[in-house]
Structure formats: structure tokens, C-alpha cells
Amino acid sequence: MKDSFLNYFSGFSKLNHFQRLEKLKAYGLISKEDISYLNQGVTEPHLAENLIENVLGYFDLPLGVAVNFIIDNIPYVIPLAVEETSIIAAASKTARWVCSNGEIKTQKLGSFSTGQIHIAQVKDFSRLKKIIEEHFETWKQEVHKNILPAMVKRGGGLKDYELRSIKRPDGKQMAIWHLHIETCDAMGANLINQVCEYLKTPLEEASQEEVTLCILSNLADKRLFRAEVILRNQDPVLIKKIEEASLFGEMDPYRAATSNKGVLNGIDALLVATGNDWRAVEAGLHAYACHSGQYKSLTQWRAKGRDLHGVLEGPFMLGTVGGVTDLHPTARLGLKILGHPSGERLARISAALGLVQNLGALRALVTEGVIEGHMKLHIKNLALKAGATEAEQPRLEKHLCRILKNQKHISFSLVEKTLRAWRAGGSNTEKNL
Ligand code: MEV
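Presented here is a report on the structure given in the accompanying data block.

Reading the values: rules and limits
Residues numbered from 1 in each chain as written. Predicted model: local features only at pLDDT ≥ 70, side-chain atom pairs only at ≥ 80, totals over all residues. Heavy atoms only, no water. Salt bridge = Lys/Arg side-chain N within 4 Å of Asp/Glu carboxyl O. Helix = DSSP H or I, 4+ residues; strand = E, 2+ residues; numbered from the N terminus. Buried < 20%, exposed > 50% of the residue type's maximum accessible area, 1.4 Å probe, protein only. Near = heavy atom within 4 Å. Polar contact = N/O pair within 3.5 Å; in protein donor to acceptor, adjacent residues only side chain to side chain. Areas by Shrake-Rupley, 256 points an atom, 1.4 Å probe, with all protein chains shown as cover. Phe/Tyr/Trp six-rings, centres within 6.5 Å; stacked < 30°, edge-to-face > 60°. Lys NZ or Arg CZ within 6 Å of the ring centre and 35° of its normal. Patch = residues over 30% accessible without salt bridge, like charges linked within 9 Å, V, L, I, M, F, W, Y side chains within 5 Å. Pairing = 2+ DSSP bridges. Axes fitted to C-alpha atoms, helices over the stretch in contact; angles between N-to-C directions. Contact = heavy atoms within 4.5 Å.

1. Examining the pattern of salt bridges
- Scanning the model with the defined rule gives 19 salt bridges in all.
- Across the salt bridge formed by E243 and K240, the nearest N and O atoms sit 2.9 Å from each other. With a gap of three residues between them, E243 and K240 both fall in helix α9 (residues 236-251), about one helical turn apart.
- We classify K240 as partly exposed; its relative accessible area is 41%.
- Linked by salt bridges that have partners in common, D72, K108, E344, R345 and R348 make up one network.

Here it is as C-alpha cells:
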């Protein structure tokens, strides 16, 4: 079985788009109708072929916008590509609350990305340190000339370094050379990796140490951004509860993971909508959430009299030029909706969005809970999934909302049952359900 399976797919990547689809059809995984569906994508098929391997088509995500955001006194409509009900509604509603009663401010705390050059078993750490000190300026000039000339023109480049050592389980020592690189409006992953790989050989030759690997670090703690929310003159009971919910996430990793998932609900959706690598930002933010030694919520909220103050700080390694941001037409549109922001501005918007999204979740959690708001929107999905027609939908949704209010729970089987009963018994059945 294993061999025939592997044989069947041998050379799959060499096939063209149509051959690949035919091959999957012949294997029984997709139908003729699936092929027509996959081929009706609106985005150019060539683009996908250039981005990934073994392309079949596109996976569409809904694209929406969150409104009501005024960040650093600049109004934004924020594009979000996401499948989860109520993220956009919650972000827009919370942003209106914040911007009508307070403000959202952001700050850049640093702009250097980190590249790592790893020496698994360093022979002489002090000597390595001395060699790097002696050669750094020369190597920097070479990197600027050969790898980063355009970046240097824009104000970027290799700015600084740090040499770290870690004791290994076998008692030996590993050395890690960190390169701090400014990549301006680019996310910069390829550039950082190129710089690290370029410096591998001169480092090995000068130090007689053996480099094990070179790669950027997603824990970009020299590329930090901070967002702050101030909400004035609020109900003291409500804001105290939000502070308590915040403390829960600051003290308990189980809660922190869920709180941070909510923070990332908006951030990821914005990163997808602007063609950014959301896995990179996710990894960085989760790692940063551990920087005290314990995994914590990325946000903190405090009640100060009748005011509520919130803060989010974390690494945002993203860009608005290069890669998918330039290539994908929907990502270009996303950036256009945002007013063509710089990389720094997009990072500020992301941090602000994450903080506001978190406030929306905490407010819901300490008041009515998330189910009511979420389910109201989810009811639409359930009605659709149960096969309600356009004509049946409004009445069905209204009816289900009433049930939700009384029973605090709606299941798909109930939606199906309601619809079946209606269709069988006419409109009077509603009263009997
Ligand atoms: C759900 O997508 C996100 C929340 O769980 C976030 C939170 O608990 O803070 C509601």
C-alpha cells in the first residue's frame, strides 16, 4: 500500500496544474465538479504556482473590514481575512467604545530584527568574542556592499550584534552570534537569512570554529511595538472586572493561552489580509509572552479611578514591501484600504488591533459571556448549513435567537429539526416548537 501510494504521487510536483487535478480525480479524491469549482478562483492561477508547490487552486477566506479605529489620531478601516464569526463585529464595536471615550496610542520600541549564527560546540568562546570584535566593522561593510546595498540606501542595514553562550546538557558550551538588522518596510526574512549565511564562511575562517546553522529568530525582541488604550469615565464595577480578568491571564498560563488566542484573532486576520507571514508573528508573540519565564497574557488592563488603561507589547516582524505583499492582488488591496502604510505603521496598527480585540473579549467575558453575541452570529451559519432558503432565513434566525435567549444554547440538530417541522407543518408550527 505504502509503495503504490508513493509511486502514484511520484513526480506530482512536475505536473502542470490541470494534470495534478486529473491525477487527484483519477485517484478518487476529487470530482469533475470539484475541478470546475477549483478552477473558478478569482485570483490568477499563475500567482499561486509561483507562491507554493503542488497547487490545486485557492482556498477562499472571507475578507471584511473592522471600522471605528482611530490609532494615534489617524482613522483606519482595517481589512481582515478570517473565517471566525464575530471577530470583526467585536473589533468594530470595541473600537467605537474606545474611540468615543478615550484613545489608542502606539509606540515603536525598536526596529532591529535578529539573525542567529549558531556554533553547537564552541572551542574557545573568549577567542571567538575577540575575533568578532576585531572583524565586525569590516564584515558589516562587506554585507552592506554585497547583500544589503538597497536596504542601506533606505536607512537599513546590519546595525549591531550580540554574542551569547548557553551551557549544553553535556557540560559543553554553545555560542550564538546575534546580528541586529534593520530591514525598514520589509519583513526581511530572506535578507536576514542571506546576511547570516554570508557571514558563516568568514566567521569560520577567522575563528576556526564550526558553524552549525544560520537562521533568523522569530523572537524579534529588538523589533518591539507597544499599543496603549485609555478609556475614560467608565463604570467602576465593569472596569474592575476587566482588571480581574486581565490578572487571571497574567497569572495563569491556561488562561493566558486563550487570552492571547483572542489577541491574535484580529492580528492574524490583518496579517493574512495584507499578505504577511502570520505564523512568524504568532511565533514571536507567543515566545515573547514567555519572556519573564512564565507564559503570560500579552495584554495588561488596570482600572485607575474611573479610567481603564490597557497595554500590549510584543514583537511585530512584518512588512509592507516585498514578498506576497507586492504580489497578491488582495493583499495589495488590503494595504490600499489601510492607506499604504509603512511596515512600522502596519506593526502599530496590528498591536492596537490586538489590544482592542482583547478588550472586547474581556468585556464580553465579564458581562454577558461570549456565547450570546457569538451564537447570534453563528445562528446565521447554522441556518445556512441546515439548508434554509433566503426566504426562510430571517424568520428562522429570529426564532432561534428567542430560543437562545431562553435556553442559552442552540444546537445544529435543533436548527435542522425546526426547519423540518416548519416545512412539514406550515407557519403555525413555530408556536408549537
Ligand atoms: C475566541 O476566539 C477568543 C476568546 O476566547 C478570547 C478570550 O477568551 O479572551 C473569546
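2. Overview of the site of the ligand
- Within the structure, the ligand sits among E84, R255, T258, S259, K261, G262, N265, A361, L365 and V370.
- E84 is positioned with one of its side-chain polar atoms (N or O) 2.7 Å from an oxygen atom of the ligand.
- For the ligand, whose free accessible area comes to 300 Å², the fraction covered by protein is 80%.
- Elements with a contribution of two residues or more to the shell around the ligand: α10 (253-273) and α14 (343-366).
- Per element, the largest residue contribution to the shell around the ligand is six residues, and it comes from α10.

3. Describing the packing of aromatic side chains
- Inspection of the entire model under this criterion finds 10 aromatic pairs.
- An angle of 75 degrees between the planes, with centres 5.2 Å apart, marks the rings of Y8 and F9 as edge-to-face.
- Where F225 meets F316, the ring centres are 6.5 Å apart and the plane angle is 80 degrees; that geometry is what we call edge-to-face. Taken together, the positions of F225 in strand β8 (residues 224-231) and F316 in the loop between β10 (307-315) and α12 (324-327) put the pair 91 residues apart, joining distant regions of the chain.
- An aromatic cluster of three or more residues is present, and its members are F5, Y8, F9, F12 and Y27.
- In this arrangement the basic side chain of R279 is found over the ring face of W278, its NZ or CZ atom lying 4.3 Å from the centre.
- Over the ring of W97 we find R363; its NZ or CZ atom is 3.9 Å from the centre of that ring.

4. Here's the deal with a nonpolar patch on the surface
- On the surface, a cluster of nonpolar side chains totalling about 410 Å² of accessible area is made up of L63, V65, V67, V77, L333 and I337.
- For the nonpolar patch, the secondary structure elements donating two or more residues are β1 (63-71) and α13 (329-337).
- Looking at the nonpolar patch, the element that brings in the most residues is β1, giving three residues.
- As for its position among the elements, L333 is in helix α13.

5. Thoughts on the environment of P149
- By the secondary structure assignment, P149 is in helix α7 (residues 149-153).
- Classification of P149 as partly exposed rests on a relative accessible area of 40%.
- When the C-alpha atoms of P149 and L327 are compared, they prove to be 23 Å apart, with 178 residues separating the residues in sequence.

6. Thoughts on the sheet that holds strand β4 (residues 112-119)
- The sheet built from four strands is open, its strands ordered β5-β6-β4-β7 with antiparallel pairing. Since the sheet does not close on itself, it has two edges, and those belong to β5 (157-167) and β7 (213-217), each with one partner. Neighbour-to-neighbour, the strand axes of the sheet open up by a mean angle of 25 degrees, direction not taken into account.
- Across five bridges, β4 lies against β7 in antiparallel orientation. Within β7, the residue paired with T114 across the bridge is S217.
- Seen against the sheet, helix α6 (residues 125-146) touches β4, β5 and β6 (173-182) and runs at an angle of roughly 160 degrees to β5.
- The strands that helix α8 (residues 189-207) touches are β4, β5, β6 and β7; relative to β4, the one it contacts most, it runs at about 35 degrees.

7. Considering the environment of I181
- Along the chain, the position of I181 falls in strand β6.
- Given a relative accessible area of 0%, I181 falls into the buried group.
- Along the chain, I181 and T114 lie 67 residues apart, while their C-alpha atoms are 6.3 Å from each other.
- When neighbours within four sequence positions are excluded, I181 is seen to be in contact with S111, F112, S113, L148, G157, L158, I192 and V195.

Note that all results are geometric; they support no functional claim without further evidence.
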